[in-house]
Structures are given as C-alpha cells and as structure tokens.
Amino acid sequence: GTSSWLQILRRMAGVPDVATLMRIFRVSAQKKLAQNFLLDANVAEKFARSGGRLNNSHCIEIGGGPGAISRGIIAQGAQSLTIIEKDSRLLPLLEPLAEQPDGRVKVIRGDALQIDFGALFDQHILPREAAGEQAFAADNPERRELKIIANLPFNVATPLLFMLLHQCWSRKGIFRHPTEMLLSFQLEVAKRITAPPKSADRSRISVMSQHACNVRVCYPLPRTVFVPSPKVDAAVVHFTPHATCPQPSLELMEKVARIVFSQRRKVLRNNFRRILDSKGVSESDFFTFANVDPLVRPEEVSNEEIQRLADACEKFALVD
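Residues numbered from 1 in each chain as written. Predicted model: local features only at pLDDT ≥ 70, side-chain atom pairs only at ≥ 80, totals over all residues. Heavy atoms only, no water.

As for the overall build of the chain
We apply this condition: Here a strand is any run of E in DSSP of at least two residues, a helix any run of H or I of at least four, and the numbering for each starts at the N terminus. Only C-alpha atoms enter the radius of gyration, while the globule expectation follows 2.2 Å times N to the 0.38, with N the number of residues. Two residues form a contact once any of their heavy atoms are found within 4.5 Å. In this description, accessible areas are obtained by the Shrake-Rupley approach with a 1.4 Å probe, and a residue is regarded as covered only by the protein chains that are shown.
A count of helices and strands for the chain gives 13 helices and 9 strands. In terms of overall size, the chain behaves like a compact globule, its C-alpha atoms giving a radius of gyration of 22 Å where 320 residues would be expected to give roughly 20 Å. Considering only C-alpha atoms, the chain reaches an extent of 75 × 45 × 30 Å along its principal axes. In the chain, the share of contacts with a sequence separation of at least 24, taken over all contacts with a separation of at least 6, comes to 70%. Surface accessibility of the chain: about 14800 Å² in total, with carbon and sulfur atoms responsible for 49%.

Here's the deal with the state of the cysteines
Throughout this description, disulfide means a covalent bond between two cysteine sulfur atoms. Worth spelling out the cut-off: When the sulfur atoms of two cysteines come within 2.5 Å, that pair is taken as a disulfide.
Within this structure, the stated rule accounts for 0 disulfides. As a non-bridged cysteine, Cys59 has Cys218 as the owner of its nearest cysteine sulfur, 13 Å distant. No disulfide involves Cys245; its nearest neighbouring cysteine sulfur is the one of Cys168, lying 7.4 Å away.

Considering the environment of Val227
Formally: Only protein chains enter the calculation, and the probe is 1.4 Å; a residue is then buried if its accessible area is under 20% of its type maximum, exposed if over 50%, and partly exposed in between.
With respect to the helices, strands and loops of the structure, Val227 is situated in strand S8 (residues 226-227). On the basis of relative accessibility, which here comes to 42%, the residue Val227 falls in the partly exposed class. Residues Val227 and Leu250 lie 23 residues apart in sequence; the distance between their C-alpha atoms is 36 Å.

Here's the deal with the side chain of Asn151
Applied cut-off: By the criterion applied in these results, polar contacts are pairs of N or O atoms within 3.5 Å in which, for protein atoms, one can donate a hydrogen and the other can accept it, and in which residues neighboring in sequence qualify only through two side-chain atoms.
With respect to the element layout, Asn151 can be found in the loop between strand S5 (145-150) and helix H7 (154-170). Of note is the side chain of Asn151, whose polar atom sits 3.0 Å from the side chain of Ser184. Contacts of Asn151, omitting those with residues within four sequence positions, involve Asn36, Leu38, Phe47, Ile62, Ile69, Ser184 and Phe226.

Some words on the sheet that holds S5
Filter applied, for reference: By the convention used here, strands pair only if DSSP detects at least 2 bridges between them. Note on geometry: axes are lines fitted to C-alpha atoms, helical ones only across the stretch in contact, with angles between N-to-C directions running from 0 to 180 degrees.
The sheet built from 7 strands is open, its strands ordered S4-S3-S2-S5-S6-S9-S7 with mixed pairing. At either margin of the open sheet sits one strand with a lone partner, and together these are strand S4 (105-109) and strand S7 (213-221). Sheet twist, expressed as the mean angle between neighbouring strand axes with direction ignored, is 20°. Inspection of the sheet shows strand S2 (residues 57-62) paired to S5 by 6 bridges, in the parallel sense.

Okay, structure coming up:
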C-alpha cells in the first residue's frame, strides 16, 4: 500500500532519514529565518494526511525544510509533489526525493511570496494529466485534487496566508481550479482564523479567511514536536474554498474589517464615526441601510453583517 512506499524507497534507493541528512550536511534551523523543523516521521505523516487522503492529489509544499513532511506526503501516495524551498542549505536534503525514478517530486528554489503558483501548476502539474485542465475541473466527478501544504515559519505565515486568500477569492492562477490548503500557524493565530462570531478570538483574519474558505483546525502541533522547540504551540488549519466566490470582493471585506476591528472594546458606532463624519454621512442612514446594530462590539459581527456593512460603505462612498 501507499503507506509503506516511503519505507520501500529508503530500503531500495538508499535515501537516508531526515536526521541523518541534517547531520551529513551540518544543517540546523536558523533563528533569523524563524525555522522550527518537524523531524518526527509519524507527526509529519499525520500532518500530511490531516486534511484528507492524498492519493488523488497533486501537492505543492511551501518550505520543504529538511523534508519530513515531504516524505509524509509521498508516503500518502500523492500523484505528484512540487516543493518550494527558499533556504539553499536545505536543497541537498530534498534533492534525493526528486531523484527517484518515478519523477513525481520536483524541488524548486524560491520564495513562496514571489512564486507564481499558476505558472508552477502549468509547468509541473498540468503536464502529468492526459486530460489536461478537465482533470481538475470542479464538475468532473473523478477530478484530481490540488493541495497546498506548509509548515510555515511564524514570521511569514500571515502575509503568505493573505496573499493566498486573495488569489483564492479571485480564482487566479492555480485557484482557477478548486485548491485546498493545509497550513500551520501559531495556535493563537489558528484560533483567530477559525473564530466564529461572539468569540474573543474573532478578528480581521477570521473575516478574510472565512470569506474565501471554509476553515477548521484539523491537527494540533504541541511545541515539543518541533526542533528547536518554539515558545508557543501550533496547529494545522484546513482551508477549503467556497464553491462560489462570496460578494463583495475580499479586498473590500478587508478594508471594512479594518474599520470594524479598529477599536475592539468599542461598539461599531464608535469605530465608524470618524469615517462617517468625514464623508458627511448620517450614522442612522448608514446602519439602517446595512441592517446592522450599531451598538454591538466587533467580535459579535458575523461575516454576513460585514458583507452588508461593505455594501453600505460602497453605497455611501466611504472606501476607495
């Protein structure tokens, strides 16, 4: 079965385990890059499968690191794996995976914040499917799945997420086809991403993530599983794009969410007062049109209410 594939690979092709490769190449995590590696093969494989089976999936891994999660993805029988790694020190640890005869692993040196995921899909994934684009079409009952998987350095996790969410909402690049994401964050960030209305963790990142995707925490990562161990726990969050893009745009939702959460302890009326006064718009007219209670606090506001606030902001020309 696919679960024994990695053991067969090691035995037949002689690929050393991750810890051995790190010793051979004298590689360790760098603090300046906010690197915390997952080395435990069992944890890495659970991470890889925490968003569902991979045997029908083409996967992109952001930040392959020393390769433990990469091996977990391979062990789950992924159709292909394209690894993006910025740190050139780690490439020798990943290259043995790309040298296997079936050719299903590619390693690319690059910064995920600068990578064109659409071009990557066109060059490395699409040619593997004889049916071409149709193999990934949402209306194909036997469609191949696409997954972006990453154990993200904490210092780039949020900007990278925002970049991916904007591409996801606009259905650009790889997101022209349904593409799930399996990404790790500090536990407190994971809680904010998935926080429902009336939760103390509710924030702008909750609104944006939930406007573009269905989100859920699917796998806890205690700090003890990382090398070196960070000061906080982490968790894996599974993002599944909505079948259709909710309106308004994610860009507008982000602007309105900034206003909504500008003063967390104030009610909405206070947070919108400055912009309403500057535009000469009646508070009553604005909140009546939006059909939102001006006396609720930011964390109580649902995504649907923020959508209505965004519509009101457009009607009264409050945001560009």
